[in-house]
Amino acid sequence: FCIVDQVTFTWKFIFLVYPIVCLVIFNIGVGLILSAAFLFFRDIQYLWGVFTQLLMYLSAVFYRVEDFTTSMQQLFLLNPVYCYIKYFRIVVLEGYLPTFQFHLLCAFYAFLAVFIGGMIYKKNNHKFLYYI
């Protein structure tokens, strides 16, 4: 993508490791939540497909958030996936590093997902054998 779009590689690309690590941690948390939910509620598999489709459209993959009002732009920050996509866009396309608060927001979403997922998993792991 960078070669085709003629994006110059800079030393700032090293900072792309941070959102990747945050995404891995976030995905572990979501995986823990879904592992418990799929086992107890079989219909989650169908709802999850609809949810991921909706999440994709709400993550500003195909459109610019700057076209919205300022208050609407703030609402996009409630979506963790958008925050990680925005981090990549800031570093790769715009060429500067995000603010410290944005780093904290990305880490907050990652650890919140792991915390909630860990709590749900720990609360229900002894029931898993009965439902398999």
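Conventions and cut-offs
Residues numbered from 1 in each chain as written. Predicted model: local features only at pLDDT ≥ 70, side-chain atom pairs only at ≥ 80, totals over all residues. Heavy atoms only, no water. Helix = DSSP H or I, 4+ residues; strand = E, 2+ residues; numbered from the N terminus. Polar contact = N/O pair within 3.5 Å; in protein donor to acceptor, adjacent residues only side chain to side chain. Phe/Tyr/Trp six-rings, centres within 6.5 Å; stacked < 30°, edge-to-face > 60°. Buried < 20%, exposed > 50% of the residue type's maximum accessible area, 1.4 Å probe, protein only. Salt bridge = Lys/Arg side-chain N within 4 Å of Asp/Glu carboxyl O. Axes fitted to C-alpha atoms, helices over the stretch in contact; angles between N-to-C directions. Parallel < 35°, antiparallel > 145°, perpendicular 65-115°, else oblique. Left-handed = near helix turned anticlockwise from the far one by under 90°. Contact = heavy atoms within 4.5 Å. Nonpolar A, V, L, I, M, F, W, Y, C, P; charged D, E, K, R; others polar. Disulfide = S-S within 2.5 Å.

Details of the side chain of serine 59
Moving on, step 1. Secondary-structure assignment places serine 59 in the loop between α2 (44-58) and α3 (70-76).
Moving on, step 2. Among the polar contacts made by the side chain of serine 59, one reaches the side chain of asparagine 79 at a distance of 3.2 Å.

What about the packing of aromatic side chains?
Moving on, step 1. Counted by the stated rule, this structure contains 10 aromatic pairs.
Moving on, step 2. On the basis of an interplanar angle of 50° and a centroid distance of 5.7 Å, the ring pair of phenylalanine 108 and tyrosine 109 is categorised as tilted.
Moving on, step 3. With a relative accessible area of 10%, tyrosine 109 lands in the buried category.
Moving on, step 4. Joined through ring pairs, the aromatic side chains of Tyr63, Phe68, Phe76 and Tyr82 make up one cluster.

Quick word on the pattern of salt bridges
Moving on, step 1. For the structure on display, the rule yields 1 salt bridge.
Moving on, step 2. Here aspartate 67 ties to arginine 64 by a salt bridge, and the two come within 3.8 Å at their closest N and O atoms.
Moving on, step 3. Take aspartate 67: its relative accessible area is 60%, and that puts it in the exposed class.

Observations concerning the packing of helix α1 (residues 17-40) against helix α4 (residues 80-94)
Moving on, step 1. Where α1 contacts α4, the two axes come as close as 10 Å, and the packing angle between them is 160°. Classified by the angle between their axes, α1 and α4 sit roughly antiparallel to one another. Of the two elements, α1 crosses α4, and the hand of that crossing is left-handed. Across the interface between the two elements, Tyr18, Pro19, Ile20, Cys22, Leu23 and Phe26 of α1 pack against Pro80, Tyr84, Tyr87 and Phe88 of α4.
Moving on, step 2. Tallied by class, the residues present in the contact of α1 with α4 amount to 10 nonpolar, no polar and no charged.

Structural notes on the state of the cysteines
Moving on, step 1. What the rule picks out here adds up to 0 disulfides.
Moving on, step 2. No disulfide involves cysteine 22; its sulfur sits 5.7 Å from that of cysteine 106, the nearest cysteine.
Moving on, step 3. No disulfide involves cysteine 106; its sulfur sits 5.5 Å from that of cysteine 83, the nearest cysteine.
Moving on, step 4. Judged by relative accessible area, cysteine 106 falls into the buried class, the value being 0%.

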